[in-house]
Each structure stands twice: as structure tokens, then as C-alpha cells.
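# Analysis of the macromolecular model
Chain by chain, the residues:
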Amino acid sequence: MPSVNPAGAFDPEAARARLAEARGPIFWRSLEELIDSEGFHRWLSEHHPRLAETFDIDRRGFLKFLGASVALAGLSGCGRPPQRQIVPYVHAPVGQVDGLPRFFASTLIREGYAQGVLVESRMGRPTKIEGNPQHPASLGATDIFAQAAVLQLWDPDRSQGVLYRGDAASWDDFAAALAESNARFDRDGGAGLRLLTGAITSPTLSAQLDALLRKYPQAHWHVHQAAGNDNAASGTKLAFGMPLSTRLNLNRAQVIVALDADFLSDPAAGVRYARDFVGRRSPESASATMNRLYVVESTPSLTGAAADHRLPLESGQIEHFTLQLAKRLGLAVDVRDGVLQQTQWLDALAADLQGNRGVSLIVVGATQPPWMHALGHALNFALGNVGVTIDYSEPVEKLPGDNGTLTDLTTAMGAGLVDTLLVLDANPAYDAPVDLQFAAALKQVPHLLHLGLYCDETGAMAEWHLPLAHQLEAWSDARAYDGSVSISQPLIAPLYEGRSTHEVLAALLGDEVSEGHALVRRQWQQQLPDDAAWDTALQTGVIADTALAVRTVALRADALVHTAPNAAEMNPLELLFRPDPTIGDGRWANNGWLQELPKPLTQLTWDNAVLISPLLAAQHQLVNGDLIELRVGQRTLQVPVWLMPGQAPRSLTLHLGYGRRRAGHVGDGQGFDAYALRSASALWTAPDVQLRKTGQRYELAGTQQHFNMEGRDLLRVGTLADYRHDPHFATASDRYPGTPPSLYPEYPPGEYAWGMSIDLNACIGCKACTIACQAENNIPVVGKDQVRRGREMHWIRVDRYYEGQAENPRIHAQPVPCMMCEHAPCELVCPVDATVHDSEGLNVQVYNRCVGTRFCSNNCPYKVRRFNFLQYVDDSIETLKAQRNPEVTVRRRGVMEKCTYCIQRIETAHIEADKASSRIQDGEVLTACQAVCPTQAIRFGDIADARSEVAQAKASPRNYVMLSELNTRPRTSYLARLRNPNPALPDI
């Protein structure tokens, strides 16, 4: 066995030795597992102890985990319907039976951009969100943030009322104070008045801002996005002379090159881009060939994990790499000499792009500088991609004028030029670059007005803090990535005293129209002139013919003059700042579902850590959880490390959004504040960071080693060439092909035979399925300490595997729900028949019978059962009661639970079919994980029906079952993943 060095650090040589001795593919989940160290086995014994380690935890701790507080209990237990009539969705969602109008089309806004959703309302309570199939950015799916919006709505930590200098006040008090300010603004044209917002695509809000700036010509509007910037817009201005919005047509692209671009996680269009990208990955599709994706990035991403070829490079080296590629493609660029050893990569990539002119695509990431975006546009022009795989339109976002940045606002505040600042749904006191000294400058503003969901770091400093209505409580509108407009209609009246941004601006304007519904309706009076047109827009969730037209653009002659980076210079270390995969820029920090969702690549929960390469960790003798000090200039931060396979050797990545001080009971004090090291001149990359080991440790709660399968054959991966040579390659090595005989008796067939197929070739590992399952099935949050003990409760986990060397491994994802075994090992060992087999093949869990022996969990080879060690579910907080799905039992302490294939949806379909004296048709039942999936990787239905989608999927030669040698005969099966590597590159 390879040795571990005395410090316990990862030993690259030991890992290489083990891989060199291996025969066949080896998939590994952690660096400890890769070297098979004693520390790994010690971890297993420490984190999976017997129940004797159970400890007592007080009520306050549980309420913290659940996102509730005693002080707020019961304030808003019963919601009421919205004050205006809302219109149900015109068609029942796919997979939902007809009945009472439970689904309403609405819009959720993330970083300014619209995502069309269908919100399920039960007795006036929004409880679940699905994607709107008629919305261009959704196509029926959602991301993790849309799913978690329901918990955010019912969060009792939300701001509950108007505060004046920290004391309770009323909206009438604020209106009186605002009237005095308006009188002053009327006299001086708004001198001293400033507004600060995030990104805006709402036509109604845009019109209100224009009206305000016309009424008060001396006022100024500023934009601040902690997790966004204007690099993309500035890049189009360099390339075309004007800011434009860019649309990717990934469904037309055969060869895609992502340059530090994680387009599968794009906040505006990631759901749509994932569908379009995966749509060209099926080897069985007769309509399209399998595309090929190259990714060059500094830190692993969802897009990098989906790549056929991935190259880890430091940020500055990506710039130099792109210039070298541009030179090979014939562009007149100034390429400085530098150390770059990717000649084979560059030659093969350039040849592949040249061979796919017009059907290729170059995508540059938002963190890259504007000149890189301009270079990307020039490359797409040179390859003939414009108008095919990439389009341009007028800007979807409303852009500020000159002096509209946060830096400009800070300068004005410091100079005493700001008398009144209205901050609309932003938190610059927390997330502004530290070198701006924004909070200090804010203290010089006499009148700070803050509108927000929470009384956060900025709200705590405000003279007036105003509660913002949640998106599911307010009327609004917004544009999608292509410009299509959809209306946000509320599903419930404000639980607290919240008002919308439109209503606050109307008060500032002195508008005669002050109610949100009327303001939005007035904006669309010409296009939707009557009730019928208005209702149609609400029913479908999209206003027809509002997408922005594609523009014909011409590349400026001097577009490439600006490419003059110091890319050849090598920094000792660079620090990368990125939005957190689960809590974003910090605005989701108080959401327990997202805090406990394992991050797609690190599998960490409840914390952030600085990601470093295994090579750098070996040089500094670091292991996971070691506390280090990062120094950028004169600023320092202590943060734990996490070894990240595939990280660029000299790049360190620190995610934003943690270290909150006024997030709420869930988010306060979690993680480390990356904004403390971020500067306005280097928002995404600190080029010269120093690292110092402190000798201290910090306990992180990761799940990558939970439910370990001890090297058993769970994942089947091949190449397109393998598939063409032998379509049955995924099962060719099975010890027992076909269906071997069994000692178990065969169950008589029922009316239906429910089964599931998961296509690993389509799964991108985004974990939307995990959150959707949690929202649908009332799955509790258990907290960081319980996660560290291996007690997370998710019914479907998404395992992450590596293949190859730790410096640049291939990355795979595998969702694992209950296998629903026909010969289930769990059923035989239960002494009270709590886990039983029903006539339709479901492995059913009867909660009232369960006495908590956990025999079933011990006997489950797939480790998909969860046990309520403690009373994780709070049954006294009224808002949390209102959030839960009434069709699903809320489990108590001491019982086993697991995936049920959303049996409540199956039974609802049964009832409706019985009423109509018909059979359940294929597609009438969708599980929660299936409905949410952006890439349609999950299929569910009656496998006895040969025409069903799931039966056709299981008929694929790529179909296999996990641990087939155990002969448990799972109803859940997988389709093997395929890659499409370039034969001209080594397949490492």
C-alpha cells in the first residue's frame, strides 16, 4: 500500500503509483480514498459510530438549522390569498392530473433575469415550484434557487416591518418622512438623491427609473452586482462599438470551446443552455451527432465536469492560451512570448474548429476581462459562427449611464454629495469591495433608505429599513435571457408588511397609481389592452412577441487593438473569487436547504473553503481542514483548505457569500467572508496572494466520503468510439449477464410496474433533483454537526467520482435514489414489516410500523435509506408548517425513510384514472426529481408498457443496473456515460 507522509498530506507519488498498478478504470471520490490511507479508514470509523454517540441538542440549535426563531414563531402561520385576482395556468403541468386550479404561472428573478415557473398553491399556500414549459429560459425545468424560493418565502427570519433607526415604525410614518424629502427634491431637482439597485430587466421598473430621473434631473442611479459585472457588455462594446446581449445556440454547435466559462451554471440561461447542450449528446439520436466540448479553466466547474477535454490553467495563462489559439486561426493578434506548454492542445483544437466552421462556438467567461470577450467575438466571426451558434440583440439589462458604478457612488458619498440614498434589494455594506470602504462612506449619508427581504448588514445601518415583498407575494415583470417578458403574479398576500420595489418607487415619484398590480398593468396597457389579453399572458407565463430581435452586427476594425495583457508573466499564486454554487453572492445564506446541499464538486456543506490543487497542498504539507492565512496586500483572512483535484496548480479559489453577520439565524457566522480580500480593481482575480500555514484546524462538513461503495463497480463510462465498436460495452464485463436465477419468489405482476432510468450522459451534476425532492417530500435539514456524522437526510444524493490522475481527472456525477429492488434485501430483515413490496413493484416504507432497528439500512447495498436519529422536524413553527406538502407524511424521530418514487403523485394519478375508468398514461406521473431536471436525464413510468419513455430508455444498449451481481433486480437503472474525445489529443 502506498505510504502517507508523516504530516498526513496528500502524496502525489503514492497516488500515481496506485493508478499505474491498476488494471481497468478506477473511479475515486476523494484523495484519501485514492491513496487508500489509514486516515481514510480512521475517518470512516470516526464519522459512522454507533448510536451511543448521540448527543442532546437544545431547541435553539434545531431552530437555527431549520431557519426559524422562537421570537418569530406563529407571527404569520396563516397566509391569505393575494388581494387581486390571479389566473391559473392554462394547462395542467405535464405529469400533473387535472383537478382544482393548483398551478399558477409566475416569474422568479435571479440576478435580474426571469425564469418562468409554475407555482403549486394548496389552500392558498405556495408549496412547490416547477418549471414553465412555455418559458424560453425554463422549458419546464428549474435550478436549485427556484426550488429553494419556497423556503425563503416562509422564512420567519425575513424582515417583518418598517424600522426607523432600529425601532418599529409604520409605512405611514415612512410616507410622511418621504413627503418632506420629495418637497425638497422638487425644489432642487433631486440634488443629493441617489438610487442603488442590482441588475434590472423589468420593463416596469425601467420605466419608473426613467420617470424618476426625468422628474429629478440632478439625481443619479447606480448599479451594483456582487456576483456580476459588466465585462461581457464592455466586451461587446469593444468588439462592435455598442453594448449588446449575447445568446448562445448550443443546440446548433458541434464543437464548443469554453474559456473559463461555466455556461451550464449561467444565472440567466443556465437551465436552457443545459438542455440545449445535452440535446446534442445522445448517441442514439438520429437527428444530431454528438457534440464535443473543450474547457479551459482555472477551477473545476459544472461545465468543466461535462467536458470531453478539460485543461486546467491559471487565469493569466488562459488569456495567453486564447491569443495563441487566435493566431492559429488566422487573427492578427499581438502574442507575447511566454511559458506555455499546450502546443498539442492548441494545434488539435484549432484543427477541430477549422473543420467545423459555422457550427463551432467560442464562449468566454464573465470573470475574464473585456478584451478577452472582444477576442471571443472576433474568433466567432472568423469561424463563421455568428448568426448560427451565437446571436446578438439589444441589451436585455437596463444599463446605467456614466458615473453609474458603485465606485462612483462611494466617491460621491465620501465627498458629501449624497443626502439621500435609496438602496433597493442590495447589500453593499456586506458585499462591496473592501478597498472602497463603502460602509465608512455610508456613515456620511444623512438619510439611508433600505428596501430588502432581510434587515441585513446594510439594513442595520439604514435610517429607514423597509421590508421587501417576496417574489411570490408581489406583482412585477422581467425579461429572460432572450428578452422575452413574463409577469410575476403573487400566489399569496404579503405574509408580513412587505411592499414591492414598484410600490416604493411610486411613492418616491408621487405617482397617483401606487398599487403593484396597477403599476404593472399600466406598463402593458398598449400590448395587453383588455382583460382577455392580460389573462392570456398570465395563464401562459409569457407575453407573446416580446423577445428582442436578433441584430446584425459588424466587427470593428480596431476590435483586437486592445489585446495587450501581461499574460506571459507568471504570478507565484493567484486567488480567484467565484459566487458560491449553492448560496450565490450571499443572498441565499439563510436558506437551510441550500446551506445543507452538498456543493456539486467539493461536496462541502455549511461552509466555504479555499480550494487548492493537490500539488500545491503537497508542497505546503496541507490536508483538508488545515487553517491557512491568505494575504492580499495588507488584507488577511484565515480560512480552511480543501484539496480540489483538477485545480490549476497556482490558482486558489475562494467562494463568495459566507461570513454573514446579519443574514438570519441560519446564515449568521457560517463560513468565511471572501469579500474581505476583494478589491474593486480585481473583482475576480487577486494576482499576487500569499499563503501561510497556521498550524490550526477547522472542521468542515463534507459528504464526499459518506456511503462509500468500497471500490465496487457503480459507474459505467466509455467513449463514443467504444459505443460504436460495441453498443453493449456498459454490460460487457458483468459477471452475470442477463437475469440470473434467484432463490427469492417472484412477485405476481400488478396493474403497473413503476421504474426509473437515469441517463448519466445527460446528468450534469447540478443537484436540482436533490432540492426538488426535499421540497416535495418534506425532508428536514439536520445541521452541520449531524452532516459531519453522516446523518444528512437527502433521499436522492448525487455522487461525484473522479477518474485518472489527481492533477486533471475526468469528473463524473451519478444520482442515487432508492433502487426499488424487486428482490429487496431490506424487506427480509425488517422485524415489523415496515418495509414491504407492493403489487406495482414499489419498495414501500410504512412509517407507523417502523421501530428504528435500522436493519434495513445495514442490509441495503446501495445505502439509500435515511434514519431520523433526532427530532429534526420542528412541528411548532407555523410558517414551516405552511410550507410543507400536505400529501406527504412528516416523519418523526426514530423512523427510517427513503425515496418513494413520489408515491403521492402516483396515487393521485390512480385516483383520477379510476374516476375516468382509464389507465394512467405515459407522462401523467412525473417524480419531483424528473420534473426539475434541466437536461431530462431522469425518466419514470410504467416499464411494462413497451411504448413508455422509461421502457424505451431501458431498452438502450447503454442500460445497466448498479451492482447487478447481487441480483437484487433494481427498478432504477442507468444509461452509461459517453465522452467524445478528439483522437488527436491524448485521452487523459
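Now for a look at the structure at hand. Worth saying up front: this structure is predicted, and the values here are computed from it rather than measured.

## Observations concerning the nonpolar core
Membership of the largest hydrophobic core comes to 174 residues, with the highest contact counts inside it found for F263, F277, F321, L353, L375 and Y901. Apart from the residues within four sequence positions on either side, F263 is in contact with L248, L250, I256, A258, G270, Y273, F277, L293, T303 and V363. Of all hydrophobic cores here, the second largest spans 29 residues; its members include I200, V223, L468 and L508.

## Description of the sheet that holds strand β12 (residues 309-312)
A sheet is described by the order of its strands in space; here four strands give the open sequence β12-β11-β10-β13, paired in parallel fashion. Strands with a single pairing partner mark the edges of an open sheet, and in this sheet they are β12 and β13 (360-364). Mean inter-strand twist for the sheet, computed between neighbouring axes without regard to direction, equals 10°. Here strand β11 (residues 292-297) pairs with β12 via four bridges, running parallel. Bridging from a neighbouring strand, Y294 pairs with H309 of β12. Packed on one face of the sheet, helix α12 (residues 343-354) meets β10 (255-259), β11, β12 and β13 and runs near 140° to β11.

## Things to note about the side chain of T303
For T303, the location among the structural elements is in helix α10 (residues 302-305). We classify T303 as buried; its relative accessible area is 0%. What T303 contacts, discounting residues up to four positions off in sequence, is A258, A261, D262, F263, L264, L293 and V295.

## Points about the state of the cysteines
With the rule as written, the count across this model stands at zero disulfides. Sulfur of C766: no disulfide; nearest cysteine sulfur belongs to C933 and is 6.3 Å away. For C766, a relative accessible area of 21% puts it in the partly exposed group. Left without a disulfide partner, C830 is nearest to the cysteine sulfur of C856, which lies 6.3 Å away. Since its relative accessible area comes to 13%, C830 is described here as buried.

## Re helix α19 (residues 531-540)
Think of an α-helix as turning once every 3.6 residues; residues three or four places apart then point the same way. Restricting attention to buried positions, one finds in α19 the residues W534, A537, L538 and T540. At its buried positions, α19 is contacted by β2 (103-110), β19 (485-488) and α18 (516-523). Phi turns positive, to about 85°, at G541, one or two residues after α19.

## Topic: the sheet that holds β2
Strand order in the open sheet formed by three strands is β2-β3-β4, and the pairing between neighbours is antiparallel. The open sheet is flanked by β2 and β4 (125-131), the only strands paired with a single partner. With direction set aside, neighbouring strand axes in the sheet form an average angle of 40°. As paired elements, strand β3 (residues 113-122) and β4 share six bridges and run antiparallel to each other. Its bridge partner being in β4, L118 is matched across the sheet by E130.

## A few points about unusual backbone geometry
The phi angle at D260 is positive, at roughly 55°, despite the residue not being glycine. Here D260 is to be found in the loop between β10 and α9 (270-278). For D260, a relative accessible area of 11% translates into the label buried. Although it is not a glycine, D833 sits at a positive phi angle of roughly 55°. Structurally, D833 can be placed in the loop between α25 (825-829) and β33 (835-837). A relative accessible area of 43% means that D833 is categorised as partly exposed.

## Quick word on the pairing of strand β32 (residues 810-816)
Most of β32 sits out of view: seven of its seven residues are buried. Going residue by residue along β32, you find R810, H812, Q814 and V816 tucked away on one face and I811, A813 and P815 tucked away on the opposite face as well. Bridge count between strand β31 (residues 797-803) and β32: seven bridges; the pairing is antiparallel. The residue bridging Y801 from the neighbouring strand is H812, located in β32.

## Points about the pattern of salt bridges
Under the definition given, this model contains 41 salt bridges. In this structure, R122 engages E120 in a salt bridge whose closest nitrogen and oxygen atoms are separated by 2.8 Å. Across this residue pair, the class does not change: R122 and E120 are buried. A salt bridge links D785 to R788; the nearest nitrogen and oxygen atoms lie 3.9 Å apart. Here D785 pairs with R788, and both are found in helix α24 (residues 784-788), just three residues apart, close to one helical turn. On the accessibility criterion, D785 (27% relative accessible area) is partly exposed. In the salt-bridge network here, residues are joined through shared partners; they are K128, E130, E776 and R905.

## Some details on helix α7 (residues 203-215)
In this model α7 runs 18 Å from its N-terminal to its C-terminal C-alpha over 13 residues, within 8% of the 18 Å that 1.5 Å per residue would give. Taken as a whole, α7 has its buried residues at P203, T204, L205, S206, Q208, L209 and L212. Looking at the buried positions of α7, the neighbouring elements they touch are β7 (193-197), β8 (220-223), β18 (476-479), β19, α17 (501-509) and α18.

## As for the environment of A913
Tracing the sequence through the fold places A913 in helix α28 (residues 903-916). Given a relative accessible area of 6%, A913 falls into the buried group. When the C-alpha positions of A913 and E924 are compared, they lie 10.0 Å apart, and in sequence the two are eleven residues distant. Setting aside chain neighbours within four positions, we find A913 in contact with S918, R919 and I920.

Parameters and conventions
Residues numbered from 1 in each chain as written. Predicted model: local features only at pLDDT ≥ 70, side-chain atom pairs only at ≥ 80, totals over all residues. Heavy atoms only, no water. Core = buried A, V, L, I, M, F, W, Y, C linked by side-chain atoms within 4.5 Å. Buried < 20%, exposed > 50% of the residue type's maximum accessible area, 1.4 Å probe, protein only. Contact = heavy atoms within 4.5 Å. Pairing = 2+ DSSP bridges. Helix = DSSP H or I, 4+ residues; strand = E, 2+ residues; numbered from the N terminus. Axes fitted to C-alpha atoms, helices over the stretch in contact; angles between N-to-C directions. Disulfide = S-S within 2.5 Å. Salt bridge = Lys/Arg side-chain N within 4 Å of Asp/Glu carboxyl O. Expected span 1.5 Å × (residues − 1).

Geometric descriptors of this kind do not, in isolation, establish any biological role.
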